[in-house]
Amino acid sequence: MRDSLVAAAFQLFLERGYEQTTVDEIVALAGVGRRSFFRYFPSKEDVVFPDHERCLAEMNDFLGDSSGEGGEGEGGADDPVARVCDAARVVLRMYAENPTFSVQRYRLTKKVPGLRTYELSVVWRYERALAEYLRGRFAGRRDGTLRADVIAAAVVAAHNNGLRSWLRSDGQSDATAEVDHALAHVQQVFGSDPDPDPDPDPVGPVQRPTGKSAKRAADDDVVVVISRRGAPMWRVVQEVETALGRDPE
């Protein structure tokens, strides 16, 4: 029934347009009631992206299986960057399972602003799943959260670049090759993490300036003076001058 609803919806979307198609028309063509539609899809937008919830669950399962080996990437669970690249390939396989449907959805989404917005929210959920996994792997490292978020965003951007190249070819090019080529750039930049240990002092020892540099640094100092409420202004000025190392006149 779920597949029938998706097929009926896309038939009508292609014939009449997305905005012009109603849920009542979809269920009539599928031969089911409205209740059956909303049992599977909370909204009309959801019928355009019927497999993303399942795919997101598979991605989370893949990332949660710390004992698993890397699939098509360069590394396995011990290489977090390779792991998230392989997790992105879970999404690719979902698209590649039905090239005709994926191309139709791509064309439809390009025409309907509301669907593009919906798609962006779906992509953000994938990116968040990757980032949360990486944050766990980089916990305690220098800039661990920043590194996790940047790598997750890069993986999603690379995957989407390769995926769209395949979709623009109407599914005629090699989807796996397109995405692998894009993800290779991510692994080249971020892979083989050379800094596995925590860094309690990320800025290193303080180097105090000397000579002219010291004078410039002193000129840029910020001085905070705390004074009693109601103190006369001459007293406040005196305290500021003392803090600056100047003799009050």
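The coordinates are above.
Note that the structure is a prediction, hence the values are computed from the model and not measured. (Residues numbered from 1 in each chain as written. Predicted model: local features only at pLDDT ≥ 70, side-chain atom pairs only at ≥ 80, totals over all residues. Heavy atoms only, no water.)

Asker: What exactly am I supposed to notice about the overall build of the protein chain here?
Answerer: The helix and strand tally for the protein chain stands at twelve helices and zero strands. In sequence order, the protein chain lays out its α and β elements as α-α-α-α-α-α-α-α-α-α-α-α. Partitioning the contacts of the protein chain with sequence separation of at least 6, the portion at a separation of at least 24 is 62%. (Helix = DSSP H or I, 4+ residues; strand = E, 2+ residues; numbered from the N terminus. Contact = heavy atoms within 4.5 Å.)

Asker: Quick question: what am I supposed to make of the packing of aromatic side chains here?
Answerer: Between two aromatic rings, the relevant description is the distance of the centres plus the angle of the planes. Enumeration over the complete set of coordinates arrives at seven aromatic pairs. Here the aromatic rings of F37 and F38 are separated by 5.2 Å at their centres, their planes lie at 80°, and the arrangement is edge-to-face. On the accessibility criterion, F37 (0% relative accessible area) is buried. Three or more aromatic residues link up through ring pairs in this structure, and these residues are F10, F13, Y18 and F101. (Phe/Tyr/Trp six-rings, centres within 6.5 Å; stacked < 30°, edge-to-face > 60°. Buried < 20%, exposed > 50% of the residue type's maximum accessible area, 1.4 Å probe, protein only.)

Asker: How should I be thinking about the nonpolar core in this particular structure?
Answerer: If you look at soluble globular proteins, the nonpolar side chains tend to sit buried side by side. In this structure, M59, V84, L130, L134 and V155 are the most contacted members of the largest nonpolar core, which totals 38 residues. Every element with two or more residues in this core is listed here: helix 5 (52-64), helix 6 (80-96), helix 7 (99-111), helix 8 (113-137), helix 9 (144-168) and helix 10 (175-190). Considering every element that reaches this core, the biggest residue donor is helix 6, with ten residues. Not counting residues up to four positions away in its chain, the partners in contact with L134 are P80, V84, A148, I151 and A152. Counting residues in hydrophobic clusters, the runner-up holds 20 residues, among them V6, A8, L12 and F41. (Core = buried A, V, L, I, M, F, W, Y, C linked by side-chain atoms within 4.5 Å.)

Asker: Honestly, empty space enclosed by the protein in this entry has me stumped. Any pointers?
Answerer: The gaps left among the atoms become clear once a water-sized probe is rolled over them. Taken as a whole and judged by the stated rule, the model has one cavity of 30 Å³ or more. Elements with a minimum of two residues in the lining of the largest cavity: helix 5 and helix 8. Residues belonging to the lining of the largest cavity are distributed by class as follows: three nonpolar, one polar and two charged. (1 Å grid on protein atoms, 1.4 Å probe; cavity = no way out; pocket = protein on both sides within 12 Å on 5 of 7 lines; lining within 4 Å. Points joined across faces, edges and corners; volume = space filled by probe spheres on them. Nonpolar A, V, L, I, M, F, W, Y, C, P; charged D, E, K, R; others polar.)

Asker: Help me understand the layout of surface pockets, please; the structure alone is not making it clear to me.
Answerer: Taken as a whole, the largest pocket holds about 430 Å³ of empty space. Along the wall of the largest pocket there are 24 residues; nearest its centre are Y95, E119, V123, N160 and R164. Where the lining of the largest pocket is concerned, the elements lending two or more residues are helix 5, helix 6, helix 7, helix 8 and helix 9.

Asker: What should I look at first to understand the pattern of salt bridges in this one?
Answerer: Side-chain pairing between opposite charges can occur once the charged atoms of the two side chains come close. Enumeration over the complete set of coordinates arrives at eleven salt bridges. We note a salt bridge from R34 to D24, for which the minimum N-O separation is 2.7 Å. Note that R34 is positioned in helix 3 (residues 34-40) and D24 in helix 2 (residues 23-30), a separation of ten residues in sequence. Given the relative accessible area of 42%, D24 is considered partly exposed. Close ionic contact of E53 with R125 constitutes a salt bridge, the shortest N to O distance being 2.5 Å. Note that E53 is positioned in helix 5 and R125 in helix 8, a separation of 72 residues in sequence. (Salt bridge = Lys/Arg side-chain N within 4 Å of Asp/Glu carboxyl O.)

Asker: How should the packing of helix 6 against helix 7 be read in this particular structure?
Answerer: Pairs of packed helices are described in terms of their axes, by the angle between the two and the distance that separates them. With their axes 7 Å apart at the nearest point, helix 6 and helix 7 run at an angle of 100° to one another. With respect to their mutual orientation, helix 6 and helix 7 come out roughly perpendicular. Across the interface between the two elements, M94, Y95 and A96 from helix 6 touch P99, S102 and R105 from helix 7. Classifying every residue of the contact of helix 6 with helix 7 gives four nonpolar, one polar and one charged. (Axes fitted to C-alpha atoms, helices over the stretch in contact; angles between N-to-C directions. Parallel < 35°, antiparallel > 145°, perpendicular 65-115°, else oblique.)

Asker: So what exactly am I meant to see when it comes to helix 6 here?
Answerer: Note: α-helices contain 3.6 residues per turn, so residues at a spacing of three or four share the same orientation. Its 17 residues place the ends of helix 6 25 Å apart at the C-alpha level, agreeing with the 24 Å of an ideal helix rising 1.5 Å per residue. Burial analysis of helix 6 places 15 of its 17 residues in the buried class, the great majority of the element. Here helix 6 starts with a cap whose side-chain oxygen sits 3.2 Å from the backbone nitrogen of V81, and that cap is D79. (Expected span 1.5 Å × (residues − 1). Polar contact = N/O pair within 3.5 Å; in protein donor to acceptor, adjacent residues only side chain to side chain.)

Asker: Is there a simple way to think about helix 7 in this case?
Answerer: Given a rise of 1.5 Å per residue, 13 residues ought to cover 18 Å, and the 19 Å separating the end C-alpha atoms of helix 7 matches this to within 8%. Among the residues of helix 7, those classed as buried are F101, S102, V103, R105, Y106, L108 and T109. Looking at the buried residues of helix 7, the elements they touch are helix 1 (2-16), helix 4 (44-48), helix 5, helix 6, helix 8 and helix 9.

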